[in-house]
Structures are given as C-alpha cells and as structure tokens.
Amino acid sequence: MEAKPKGPFVPKYEDYQKVYDAVAKALEEHDNYDDGSYGPVLLRLAWHASGTYDALTKTGGSNGATMRFAPEGDHGANAGLKAARDFLEPIKAKFPWITYSDLWILGGVAAIQEMQGPKIPYRPGRTDRDVSFCTPDGRLPDASKDQKHIRAIFGRMGFGDKEMVALSGAHALGRCHTDRSGYDGPWTFSPTTLTNEYYKLLLEEKWAWKKWNGPHQFEDVKTKSLMMLPTDMALIKDKVFRGYVEKYAKDNDAFFKDFSEAVTTLFELGVPFNTEERWVFKSSFD
Ligand code: CCH
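Conventions used here
- Residues numbered from 1 in each chain as written.
- Predicted model: local features only at pLDDT ≥ 70, side-chain atom pairs only at ≥ 80, totals over all residues.
- Heavy atoms only, no water.
- Axes fitted to C-alpha atoms, helices over the stretch in contact; angles between N-to-C directions.
- Helix = DSSP H or I, 4+ residues; strand = E, 2+ residues; numbered from the N terminus.
- Parallel < 35°, antiparallel > 145°, perpendicular 65-115°, else oblique.
- Left-handed = near helix turned anticlockwise from the far one by under 90°.
- Contact = heavy atoms within 4.5 Å.
- Nonpolar A, V, L, I, M, F, W, Y, C, P; charged D, E, K, R; others polar.
- Salt bridge = Lys/Arg side-chain N within 4 Å of Asp/Glu carboxyl O.
- Buried < 20%, exposed > 50% of the residue type's maximum accessible area, 1.4 Å probe, protein only.
- Near = heavy atom within 4 Å.
- Polar contact = N/O pair within 3.5 Å; in protein donor to acceptor, adjacent residues only side chain to side chain.
- Domains from an automatic or database assignment.

Mind showing me how you'd approach the packing of helix H1 (residues 13–29) against helix H4 (residues 82–94) here?
If you want to describe how two helices pack, look at the angle between their axes and the distance between the axes. One way to put it is that H1 packs onto H4 with a least axis distance of 10 Å and a crossing angle of 135°. Here H1 is positioned oblique relative to H4, judged by the angle of their axes. Where H1 crosses over H4, the handedness of that crossing is right-handed. Of H4, the residues touching H1 (which contributes Val19, Ala22, Val23, Ala26 and Leu27) are Phe87, Leu88 and Ile91. Looking at the contact of H1 with H4, its residues break down into eight nonpolar, no polar and no charged.

Would you explain the pattern of salt bridges in this entry?
Side-chain pairing between opposite charges can occur once the charged atoms of the two side chains come close. Enumeration according to the criterion identifies 15 salt bridges in this entry. For the salt bridge of Lys119 with Asp286, the shortest nitrogen-to-oxygen distance reads 2.5 Å. With Lys119 in the loop between helix H5 (100–114) and helix H6 (147–157) and Asp286 in the segment after helix H11 (252–268), the pair connects residues that are 167 residues apart, well separated along the chain. For Asp286, a relative accessible area of 55% puts it in the exposed group. Two residues, Asp238 and Arg151, come together in a salt bridge whose shortest N-O distance is 2.8 Å. Within this pair, whereas Asp238 is found in the loop between helix H9 (230–237) and helix H10 (239–250), its partner Arg151 is found in helix H6, the two being separated by 87 residues in sequence. Linked through salt bridges whose partners overlap, the residues forming this network are Arg123, Glu268 and Arg278.

In this structure, what is going on with the site of the ligand? I would like to understand it.
Near the ligand, the surroundings consist of 22 residues, among which Trp47, His171, Arg175, His177 and Ser181 are the closest. A distance of 3.0 Å separates an oxygen atom of the ligand from a polar backbone atom of Arg175. For the ligand, an oxygen atom lies 2.7 Å from a polar atom in the side chain of His177. Elements that contribute at least two residues to the shell around the ligand include exactly helix H2 (39–50) and strand S1 (175–176). Counting residues per element, the shell around the ligand draws most heavily on H2, which supplies five residues. In terms of residue class, the shell around the ligand is made up of 14 nonpolar, five polar and three charged. Two domains each provide a minimum of three residues to the shell around the ligand, namely domain 1 (13–139 + 263–268) and domain 2 (147–262).

As structure tokens, this is what we get:
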C-alpha cells in the first residue's frame, strides 16, 4: 500500500489551474445573469478588493479580502458585489485551501481571460485578514468627478496616466445598475467581450447628457442605448489622457499589452509575496 504524503498540502500551479477551470465552468453554466455572464461583476470584485490600496501607508489592497466584513462590504462603491462573492462561494467550498483573497483575484483573472481579454499573469500568496483591516470609505473612485479626481485616486495607488487610461478600458465590459451605483446601462454593445471598443466609442460617438431623474451621465446621441460616466468623459477632455485613448482606439494589441500589465500590478498592490514567479493559466478555449 502506498503511503499517504505527510505534512500540510502545498498547492501548486496545477491546483490553481483547477480553481481557474472551476471558475470558467461556473461562468459558462450561469449564463442567465445580466448580459449573459458573471464575468464583469467578478472583475469588478477583484478591482474593488485591490483598488483600496494606499501606497503611502501601505494599507488596503487585495491582501485580506476585508470586503467580507460589513464596514467595507457596505461602502456605497461596493453595492452589488455580493453577487460576485456569492458566485465564488461554491468554488471556495470545493477548494477550501485557497484563501478568499487569492480566490477573488483568480476570479478576476479568469473573468478577463474567459471574456477573451489578454492573459493576466498570477501569483498566489494573499492571506485573509480580520475586520480590523477594513479600509475607510472613499478610497475608490467617484464617477461624478473629473480628471483631477482620477489622478488623485489612482495616483494614491501608485499609477501613472497611461495605466489610468488602460485600466479604464475595463468599461468595455458590464453595465451600470440603478439599484447599485444609480447609473444605468452598458458602455458598449458587447459587454461580455473585452475589446478596445470603449475607446472607439468614446471618440467616435456623439455624447450628450442623458435627460432623466438619475445621476448625471452621458448617452450616445444615435441609439441612446449606451452610456458614459463623467469620469469616462474626462478621459477625452484631458489632453494627456486623450492621447492614450486615441492610441488604444487604433491598436487593440497595444491596449491588451498595457491593460494586462496594469491589471497585474493592480491585483498585486500591497501583497507581501514570497515568490517572484507568476503563472499564466490556460483559458477554456486555449
Ligand atoms: Fe468601473 N464602474 N469604475 N472600473 N467597472 C462600474 C462598473 C464596472 C468607475 C465606476 C463604475 C474601473 C474604474 C472605474 C468595472 C471595472 C473597472 C460602475 C457601475 C461604476 C459607477 C456599477 C453598477 O452600477 O453596478 C470609476 C469612477 C472608475 C475610475 O475612475 C476599473 C479600473 C476597472 C477594472 C480594471 C467593471 C467590469 C464594471 C461592470 C460591473 C458589472 O456589474 O457589470
């Protein structure tokens, strides 16, 4: 009889690929949500877990998964993200060795890749922390603001102008919900496929203030079915930001490269890794 391996289970690349595969399978199975995919809201969960990072005090970021706790989970910016956390629960139950913090980020990686975005190299090593590590409200961006606010928020995380515009391309995906942010509608006609369409639409469509009782947002004049937030429009009002918007609108490969690099940085902010090695997971269609 073969002896059972002794000592604690140390997960390897193959084990994390199994978790990736389980997320990809669940994404395919649960296609009755929103525009047909949990992908966008999974990405938003990973981004809101990471985007609380403050480079000065080295607090916040994806290490900890503190959005599980009421103070942070109840922040206005996180409204609706319970859908993404609940989506991942059965996967956590199947692979109890993975931390919530690593799982939420792996969920974001899988969401991007399964929605035909670029590969996002991944490192595990996040640990779950208690409620005392919850970040104060107000660290995530406020969509009603302008370029000054964007630079203040993403600058606090340590990002420059190029990364700010590249990361914003995530708004090719998903939609706004009136019962979450108060805003309404998708940014593009293909909200479950990652492309550079967001930049193209910003430049090519005519945008006007939407006439309604909700918060100030823009709609495309032609079809009135797409939207932009004030912070999205700031990317074409600001000259430096606009240069990157024009570049990404013309060149999807350049967008994918810069997006992948910026997202990899975002997902690792404030995480004390003990490995340099990053893994690239196979997508379901590779
Ligand atoms: Fe975003 N985002 N985001 N966003 N976001 C919203 C939805 C998504 C801002 C505001 C909003 C990033 C940057 C910004 C996604 C990814 C990213 C919504 C609607 C608002 C409001 C929420 C709702 O009602 O459900 C602002 C402001 C900024 C920056 O200034 C970055 C960076 C990323 C990722 C890299 C994704 C994906 C969604 C769609 C979620 C869904 O449920 O469909």
